[in-house]
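# Observations on the model geometry
Each chain is listed here by its residues.
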2 protein chains.
Amino acid sequence: MTVGISHARAVDAKVVACASTGNTSASLASYAAAAELPALVIIPEGKVTGGKLSQTIAHGAKVVQVQGDFDQALALLRESSEKFGVYLVNSVNPFRLEGQKTIVFEMLEQLDWRVPDVIALPGGNLGNTAAFGKALDDAFAVGLIDRVPRLMTIQASGAAPFAKYFECGFDRYEPVIAGTVATAIKIGNPASVERARRSIERTSGYVTTVTDDEILEAKAQVDRAGIGCEPASAATVAGVRRLVREGVIATDANVVGVLTGHVLKDADAVARYHLEDVDGRARAGANRPVTIPAELSALERVLTDAIHG
Amino acid sequence: MTVGISHARAVDAKVVACASTGNTSASLASYAAAAELPALVIIPEGKVTGGKLSQTIAHGAKVVQVQGDFDQALALLRESSEKFGVYLVNSVNPFRLEGQKTIVFEMLEQLDWRVPDVIALPGGNLGNTAAFGKALDDAFAVGLIDRVPRLMTIQASGAAPFAKYFECGFDRYEPVIAGTVATAIKIGNPASVERARRSIERTSGYVTTVTDDEILEAKAQVDRAGIGCEPASAATVAGVRRLVREGVIATDANVVGVLTGHVLKDADAVARYHLEDVDGRARAGANRPVTIPAELSALERVLTDAIHG
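Parameters at a glance
Residues numbered from 1 in each chain as written. Chains lettered and ligands numbered in written order. Predicted model: local features only at pLDDT ≥ 70, side-chain atom pairs only at ≥ 80, totals over all residues. Heavy atoms only, no water. Pairing = 2+ DSSP bridges. Helix = DSSP H or I, 4+ residues; strand = E, 2+ residues; numbered from the N terminus. Axes fitted to C-alpha atoms, helices over the stretch in contact; angles between N-to-C directions. Contact = heavy atoms within 4.5 Å. Buried < 20%, exposed > 50% of the residue type's maximum accessible area, 1.4 Å probe, protein only. Polar contact = N/O pair within 3.5 Å; in protein donor to acceptor, adjacent residues only side chain to side chain. Least-squares fit on C-alpha atoms with pLDDT ≥ 70 in both. Lys, Arg positive; Asp, Glu negative; His and termini not counted. Salt bridge = Lys/Arg side-chain N within 4 Å of Asp/Glu carboxyl O. Core = buried A, V, L, I, M, F, W, Y, C linked by side-chain atoms within 4.5 Å. Buried area = accessible area lost by both parts, 1.4 Å probe. Nonpolar A, V, L, I, M, F, W, Y, C, P; charged D, E, K, R; others polar. Phe/Tyr/Trp six-rings, centres within 6.5 Å; stacked < 30°, edge-to-face > 60°. Parallel < 35°, antiparallel > 145°, perpendicular 65-115°, else oblique. Left-handed = near helix turned anticlockwise from the far one by under 90°.

### Details of the sheet that holds strand S8 (residues 255-257) of chain A
Residues and elements named next belong to chain A. Across the sheet, 4 strands lie side by side as S7-S6-S5-S8; this open sheet has parallel pairing. This sheet does not close on itself; its edge strands, each paired only once, are strand S7 (206-210) and S8. Each adjacent strand pair in this sheet contributes to an overall mean axis angle of 25 degrees, direction not counted. Where strand S5 (residues 118-122) meets strand S6 (residues 150-156), 5 bridges bridge the pair, whose relative direction is parallel. Bridge assignment links Leu121 to a residue of S6, and that residue is Thr153. Contacts from helix H9 (residues 231-245) reach S5, S6, S7 and S8 within the one sheet, and its direction differs from that of S7 by about 110 degrees.

### Details of the side chain of A:Ser30
Within the secondary structure, A:Ser30 is located in helix H1 (residues 23-35). Residue A:Ser30 is classed as buried on the basis of its relative accessible area of 16%. A distance of 2.7 Å separates a polar side-chain atom of A:Ser30 from the backbone oxygen of B:Gly226. Aside from chain neighbours lying at most four places away, what touches A:Ser30 is A:His59 and B:Gly226.

### Remarks on the relation of the copies chain A and chain B
The operation linking the two copies of the chain is a rotation about an axis combined with a translation along the axis. Superposition of chain A onto chain B requires a rotation of 180 degrees combined with a translation of 0.0 Å along the rotation axis, giving an RMSD of 0.0 Å. Look at the turn and shift together and you get a two-fold axis relating the two. Across chain A, the rotation axis passes nearest the C-alpha of A:Leu264, at a separation of 3.1 Å.

### Overview of the environment of B:Val64
Positionally, B:Val64 belongs in strand S3 (residues 62-67). Spatially, the C-alpha atom of B:Val64 lies 36 Å from that of B:Tyr206, the residues being 142 residues apart in sequence. The contacts of B:Val64, once residues within four sequence positions are left out, are A:Val290, A:Ile292, A:Val302, B:Leu40, B:Val41, B:Ile42 and B:Ile43.

### Some words on the side chain of B:Asp266
All names here are of chain B. When you line up the elements, Asp266 lands in the loop between strand S8 (255-257) and helix H10 (267-275). For the buried Asp266, no salt bridge is present, and the opposite-charge side chain at shortest range is Arg272, 4.2 Å distant. Apart from residues no more than four positions distant in its own chain, Asp266 is found in contact with Thr49, Glu230, Pro231 and Arg272.

### Focus: the pairing of S7(A)
Residue and element names in this part refer to chain A. Taking burial as the measure, the 5 residues of S7 include 4 buried ones, the bulk of the element. By the bridge criterion, 5 bridges tie S6 to S7 in an arrangement that is parallel. Directly across from Met152, in S7, lies its bridge partner Tyr206.

### Here we look at the nonpolar core
Membership of the largest hydrophobic core comes to 40 residues, with the highest contact counts inside it found for A:Leu28, A:Val41, B:Leu28 and B:Val41. Among the secondary structure elements, those contributing two or more residues to this core are strand S1 (15-19), H1, strand S2 (39-44) and helix H2 (50-58) of chain A together with strand S1 (15-19), helix H1 (23-35), strand S2 (39-44) and helix H2 (50-58) of chain B. Ignoring any residue separated from it by four or fewer positions in sequence, one finds B:Val41 in contact with B:Cys18, B:Ser25, B:Leu28, B:Thr56, B:Ala61, B:Lys62, B:Val63 and B:Val64.

### As for the interface of chain A and chain B
The interface is formed by 62 residues belonging to chain A together with 62 residues belonging to chain B. Overall, the association of chain A and chain B removes approximately 5300 Å² of surface from exposure, summing both partners, and the carbon and sulfur fraction of that is 69%. Three residues, A:Ile57, A:Phe84 and A:Leu264, lead the burial of chain A against chain B; their summed loss comes to 11% of the area buried on that side. For the pair chain A and chain B, the number of links is 2 salt bridges. Put simply, chain A and chain B have 23 residue pairs in polar contact (both at pLDDT 80 or more) between them. Split into classes, the residues belonging to the side of chain A that touches chain B amount to 33 nonpolar, 19 polar and 10 charged. Two elements, strand S3 (residues 62-67) of chain A and strand S9 (residues 290-293) of chain B, share 4 bridges in a ladder whose sense is parallel. Its bridge partner being in S9(B), A:Val66 is matched across the sheet by B:Ile292.

### Some words on the sheet that holds strand S6 (residues 150-156) of chain B
Residues and elements named next belong to chain B. The parallel open sheet is built from 4 strands, whose spatial order is S7-S6-S5-S8. The open sheet terminates on both sides in strands that have one partner only, identified here as strand S7 (206-210) and S8. In this sheet, neighbouring strand axes are inclined to one another by 25 degrees on average, regardless of whether the strands run parallel or antiparallel.

### Regarding the packing of aromatic side chains
Residues and elements named next belong to chain A. Taken as a whole and assessed by the stated rule, the structure comprises 10 aromatic pairs over all chains. Measuring from ring centre to ring centre gives 5.8 Å for Phe162 and Phe170, while their planes differ by 40 degrees; the resulting arrangement is tilted. Of the two residues, Phe162 and Phe170, neither departs from the other in class, the shared state being buried. Consider the rings of Tyr165 and Phe170, whose centres lie 5.0 Å apart with planes at 80 degrees: the pair is edge-to-face. Side by side, Tyr165 and Phe170 carry an identical accessibility label, which is buried. Counting every residue linked through ring pairs, the aromatic cluster contains Phe162, Tyr165, Phe166, Phe170, Tyr173 and Tyr206.

### Observations concerning the packing of helix H11 (residues 296-308) of chain A against helix H3 (residues 70-84) of chain B
Viewed as axis vectors pointing N to C, H11(A) and H3(B) meet at an angle of 40 degrees, and their least axial separation amounts to 10 Å. Here H11(A) is positioned oblique relative to H3(B), judged by the angle of their axes. Like other packed secondary-structure pairs, H11(A) and H3(B) cross with a definite hand, here right-handed. Between H11(A) and H3(B), the contacting residues are A:Leu296, A:Leu299, A:Glu300, A:Leu303, A:Thr304 and A:Ile307 on the first element and B:Leu76, B:Leu77, B:Glu79, B:Ser80, B:Lys83 and B:Phe84 on the second. Its residues assigned to classes, the contact of H11(A) with H3(B) comprises 7 nonpolar, 2 polar and 3 charged.

### Some thoughts on the pattern of salt bridges
Residue and element names in this part refer to chain A. Scanning the model with the defined rule gives 34 salt bridges over all chains in all. The closest approach of N and O atoms between Glu217 and Arg283, which form a salt bridge, is 3.8 Å. One end of the pair, Glu217, is in helix H8 (residues 212-224); the other, Arg283, is in the loop between helix H10 (267-275) and strand S9 (290-293), with 66 residues separating them in the sequence. Owing to a relative accessible area of 40%, Glu217 belongs among the partly exposed residues under this scheme. What makes Arg283 partly exposed here is its relative accessible area of 23%. Shared partners join several salt bridges into a network, and the residues in it are Glu98, Lys101, Lys134 and Asp138.

Here is the structure:
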């Protein structure tokens, strides 16, 4: 192992730990509980959704909220983990990346090994982009697939250091201060930036950005289709839409879009979109409950409207 | 069909609808969206968890909040559905029960057709108890299983009309006004009470109750095991525990407990348990986050405590 992780094995470590915007912490807490390992997560205070935080707490991980952002949390944890015998499971850990590769293997299997033209995914800490490229390399090397799909990573425009790096031909990388409604990818200094670069280069891939408004509209559409996802996942759909518009993805291309988070991971995002006013009124697509007294006539009025209105 | 449902087929109906404490509404909204059918749900105002409400809204169902409880909501909807050509998907619909039967078939298949001694499940509107009995009847009739496990239905003590009915030898049934933290089973007049009675009688089953405190402690334990569930599901675990204590279930019995809702269905229940004081202090098992400044020394103090403390 050449990456800078603690060399302790998880089972020898005194504690398994991660920095997280919420999803990794929920997963770590759950698996650590099942394996009866003590877990500690460090999260940016006030920037993790209620759902993800509740999972992490419920599964019994020690939760440390840092008064800073994800990037600071990860930097602090990396700095102290070796000294304290802490086993880090962020995507700086090569075993984590091996696990993330299985997303691609399962996807290809579900496609009956017919290779899509494009695999699009959201990009935050870039562990998935790194792992997906490695998985495709491996699948091609052993002959499971006969060509490699193009990886397209979508970042939120307020948290897009990788997109900027891509735009300058991977000439100069600069971290940013991240800001986006898509908390799962609100990361300004992705840990896997160089590994992700390799994935994009080797698959003739692409990196682009979408605005928060595009993310929220795409999310509303995914939700309305009966599937549902958290905002970061909707970046995938918004990004594919944009890349088709820009001619990067052909209109007849076979595209797999990866959604990385369930709608319940961020229930508040639904409430904000549908229940809160924008400029003093409801959004065009807002779906607001109506409230009626417990009377038949009131329900019948609603049904009449629903059917004829 | 002898039950009192609209005879319209779903695809002919002007709208598919249900009354719900939240889980049925979320499912209906999702599947109706996927099938491009208009959906309407009627829920008790303020008594559906934020997660379930957010799914229902996100998936585009028309949400009607009634100023009453679930039982009133269902009664109103049943009364008006025939007249308005509304297709009801509550467990008064025999096709709904057929669907719920698959829980048992899948469970038996996963057990490699080795029959457990007991199947325990939470009881609210009693659709699952009704369907499980029917599924076991069917599986036995066609020879998939060579004996029938005992069904044990667990109700919250504040919403236990079926348990009371069972206690008097199914002599006299009386609805109640329901009150429990387990919103998914907060039902005082279950639609499937007679069908559920048949399930209990035919399987030599049992019905019991658990308190809200027992539910919350069982939930904390299921959560802490890395699985997680919503409060109503934890009633299963609390109930099995009680029935073992009371000698109804043998200590060496093979028991399957059915958990019907994910932890994210009620994230607020986690926050209430772990973050809110009881009698001025935290619960014994409360897992509270700590907050630190973005400084290495602060994290190192936490790690020292976590490892040695």
